[in-house]
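Summary of the model geometry
Listed here are the chains, written in short residue letters.
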Amino acid sequence: MSPTPRVPVVPASFFGMVLGLAGLGGSWRAAHLAWGLPLWPGEALMATAAAVWAVLVVLYLAKWLGARAAAMAEAAHPIQCCFVGLIGVATMLVAGGIAPYSRGAALVLYAAGAVFTLGFAVWRTGGLWLGERSPEHSTPVLYLPTVAGSFVAGTVGAALGLADLGQFFFGAGLFGWLAIESVLLHRMLTSPNMASALRPTLGIQLAPPVVGAVTLISIAPTAPPLFAHAMIGYGLLQALILLRLLPWILREPIAPSYWAFTFGITALATAPTRLVALGDDGSVTFLAPILFIFANAVVLLVAAGTVYLAAQGRLLPASPSAAAAATPK
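Just so we're clear, the structure is a prediction, and the values are computed from it rather than from any experiment. (Residues numbered from 1 in each chain as written. Predicted model: local features only at pLDDT ≥ 70, side-chain atom pairs only at ≥ 80, totals over all residues. Heavy atoms only, no water.)

Regarding its fold elements, the chain presents eleven helices and zero strands. In terms of overall dimensions, the chain is globule-like: its C-alpha atoms have a radius of gyration of 19 Å, near the 20 Å expected for 329 residues. Overall, the C-alpha framework of the chain stretches about 60 × 45 × 40 Å when taken along its three principal axes. Residue burial in the chain is summarised as follows: out of 329 residues, 52% are buried. Across the chain, every contact between residues at least 6 apart in sequence was considered, and the portion connecting residues at least 24 apart equals 79%. Approximately 14,900 Å² of the chain is accessible, and the part contributed by carbon and sulfur atoms is 73%. Across the chain, the mean location of the 14 positive side-chain charges is 12 Å away from that of the 9 negative side-chain charges. (Helix = DSSP H or I, 4+ residues; strand = E, 2+ residues; numbered from the N terminus. Rg over C-alpha atoms; globule rule 2.2 N^0.38 Å. Buried < 20%, exposed > 50% of the residue type's maximum accessible area, 1.4 Å probe, protein only. Contact = heavy atoms within 4.5 Å. Areas by Shrake-Rupley, 256 points an atom, 1.4 Å probe, with all protein chains shown as cover. Lys, Arg positive; Asp, Glu negative; His and termini not counted. Charge placed at Lys NZ, Arg CZ, Asp CG, Glu CD.)

Moving on to the packing of helix α2 (residues 40-66) against helix α3 (residues 68-76). α3 packs onto α2 with a crossing angle of 110° between their chain directions and a minimal axis gap of 5 Å. What the angle tells us is that α2 and α3 run roughly perpendicular. Of the residues in α3, those in contact with Y60, K63, W64 and G66 of α2 are R68, A71, M72 and E74. Its residues assigned to classes, the contact of α2 with α3 shows four nonpolar, one polar and three charged. (Axes fitted to C-alpha atoms, helices over the stretch in contact; angles between N-to-C directions. Parallel < 35°, antiparallel > 145°, perpendicular 65-115°, else oblique. Nonpolar A, V, L, I, M, F, W, Y, C, P; charged D, E, K, R; others polar.)

A complete count under the given rule lists two salt bridges for this structure. The salt bridge partner of E43 is R29, with a shortest N-O separation of 2.8 Å. You can see E43 sitting in helix α2 and its partner R29 sitting in helix α1 (residues 16-35), a full 14 residues away along the chain. When sorted by exposure, E43 lands in the same class as R29, which is buried. In this structure, K63 engages E74 in a salt bridge whose closest nitrogen and oxygen atoms are separated by 2.8 Å. Separated by eleven residues along the polypeptide, K63 in helix α2 and E74 in helix α3 bring together distant segments of the chain. Neither residue differs from the other here; K63 and E74 are each classed as buried. (Salt bridge = Lys/Arg side-chain N within 4 Å of Asp/Glu carboxyl O.)

As a further point, take the packing of aromatic side chains. Scanning the entire structure with this criterion turns up eight aromatic pairs. Centroid distance W35 to F292: 5.9 Å. Interplanar angle 65°. Geometry classified as edge-to-face. Of this pair, W35 sits in helix α1 while F292 sits in helix α11 (residues 284-311), and the two are 257 residues apart along the sequence. Centroid distance W177 to Y234: 5.9 Å. Interplanar angle 50°. Geometry classified as tilted. (Phe/Tyr/Trp six-rings, centres within 6.5 Å; stacked < 30°, edge-to-face > 60°.)

Taken together, the side chains of L185, M188 and L189 present a nonpolar region at the surface, about 290 Å² in accessible area. With respect to the element layout, L185 can be found in helix α7 (residues 163-190). Classification of L185 by relative accessible area gives partly exposed; the value is 35%. (Patch = residues over 30% accessible without salt bridge, like charges linked within 9 Å, V, L, I, M, F, W, Y side chains within 5 Å.)

All right, on to the state of the cysteines then. Applying the stated rule across the entire model yields zero disulfides. Of all cysteine sulfurs in the structure, the one in C82 sits closest to C81, which takes part in no disulfide; the separation is 4.3 Å. (Disulfide = S-S within 2.5 Å.)

The following block contains the structure:
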């Protein structure tokens, strides 16, 4: 029998907490520019995201040292492995959070996160191209290595003065999203029902159009807003579909997997708010405050549920191999 690890064995999916917290921090920064709201809530959220990121990086490295079998099983899992890509995404978001205070430190973190994200995306996509996959393994987590990573690389790159580099990343994320979207819709329309434990990951389905819209606004703030409006519109459609499916999704008890909703929901608020700050006086002036309030409510509820689970001692999986149990049979 292997010795019990001395540190918690955290799944890579926990890095989704950083995405939600940093995403809401970005929403508050946009709200400060658009409506003059206080800046401190956004900065506090960014600081919290950075603290959570730092703890998770240490715990994830400790997992590879103290529970290597669990780490390798996660990396080889046909679904859970995609969450490993969140490590680079979260690192770049932390870089964006500290950019106003230290561009040098932000550049270092951004470079590390971008290199990790690109390398993992190439490795993971290459594995997918080999085929031999079950349709049940195709879930919205497929967006994480290529689409989420590319869009965030573009957004944070623009914040660091690398808008031209961000345009390349935007292209990688945009066409990656469109390709994967068709695969996922085909799977949802024609394959068996999604396993209960995987249903919260449907929240990721909301993210690509609205995270992409934030990236587009970041790399081309003076461009006509037509395409950004279109991407926000498609994001709103995804949000309404998810609301229609919410009773079915909520059959799965509260779990850290519900953080999958938060990055897309915060981006859905950030994109129109950023447009308002840039002078867009159309429909976004009505949508932005509603979506901003909604994003704050959702992240607060998910965070409260996470704190409750932690207080009950039920935040982590029952065993290092619990993640493998989510594989559809």
